[in-house]
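Breakdown of the fold
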Amino acid sequence: MTKLVLESSLSCHHMNVARTFMGEVMMTSGEKQLSKTAIRTLSAIHQYRYQRRSGRVWLVGDKRISTSTVANLEKESFVREIATNGSPRLVLTDEGKRFVAKVGE
């Protein structure tokens, strides 16, 4: 009986709460919640024009961003990777621009 109650409370817990990269808990409210790392990444892509890919990381301005972070942001449709003159570059989508504007308020 206790085990059944515990399992159901855990499943409800995961529906209402999202864990961030830093281990903090943020309540979900229908909008996509991002970790602090993802928010910093979006802000850096928005701010810096100098970007290049170097092995398993992206160099965006003076920041080093892992390719897995970029892949997750692409999966959530905040960022797109395009090629300009044969070199890869990161661009914010409209949803990414709205998120950066909202965070900047």
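Just above, that's the structure.
1. Some words on the sheet that holds strand E4 (residues 57-60)
- One open sheet holds the three strands; their spatial order is E3-E4-E5, and the pairing between them is antiparallel. Looking at strand neighbours, the two that pair on one side only are strand E3 (51-54) and strand E5 (63-66), the edges of this open sheet. Between one strand axis and the next, the sheet turns by 25° as a mean value, whatever way the strands run.
- Of the pairings in the sheet, the one linking E4 to E5 comprises four bridges and is antiparallel in character. When the bridges of E5 are listed, valine 57 appears paired with serine 66.

2. Points about the environment of alanine 44
- In this structure, alanine 44 sits in helix H2 (residues 36-47).
- Apart from the residues lying within four places of it in its own chain, the contact partners of alanine 44 are Val60 and Lys63.

3. Structural notes on the nonpolar core
- Core analysis: the largest hydrophobic core is formed by 16 residues, its most contacted members being Leu34, Leu42, Val60, Leu73, Phe78, Val79 and Leu90.
- If you list the elements that add at least two residues to this core, you get H2, E4, helix H3 (67-75), strand E7 (87-92) and helix H4 (94-104).
- If you tally residues by element for this core, the top one is H2, at four residues.

4. What about the pattern of salt bridges?
- Tallied over the full model, the rule gives two salt bridges.
- Between glutamate 81 and arginine 53 there is a salt bridge, with the nearest N and O atoms lying 3.8 Å from each other. Of the two residues, glutamate 81 sits in strand E6 (residues 79-84) while arginine 53 sits in strand E3, which places them 28 residues apart along the sequence.
- As a salt-bridge pair, lysine 63 and aspartate 62 come within 3.9 Å of each other at their nearest N and O atoms.
- A relative accessible area of 39% places lysine 63 in the partly exposed class.
- Take aspartate 62: its relative accessible area is 60%, and that puts it in the exposed class.

The rules we used
Residues numbered from 1 in each chain as written. Predicted model: local features only at pLDDT ≥ 70, side-chain atom pairs only at ≥ 80, totals over all residues. Heavy atoms only, no water. Pairing = 2+ DSSP bridges. Helix = DSSP H or I, 4+ residues; strand = E, 2+ residues; numbered from the N terminus. Axes fitted to C-alpha atoms, helices over the stretch in contact; angles between N-to-C directions. Contact = heavy atoms within 4.5 Å. Core = buried A, V, L, I, M, F, W, Y, C linked by side-chain atoms within 4.5 Å. Buried < 20%, exposed > 50% of the residue type's maximum accessible area, 1.4 Å probe, protein only. Salt bridge = Lys/Arg side-chain N within 4 Å of Asp/Glu carboxyl O.

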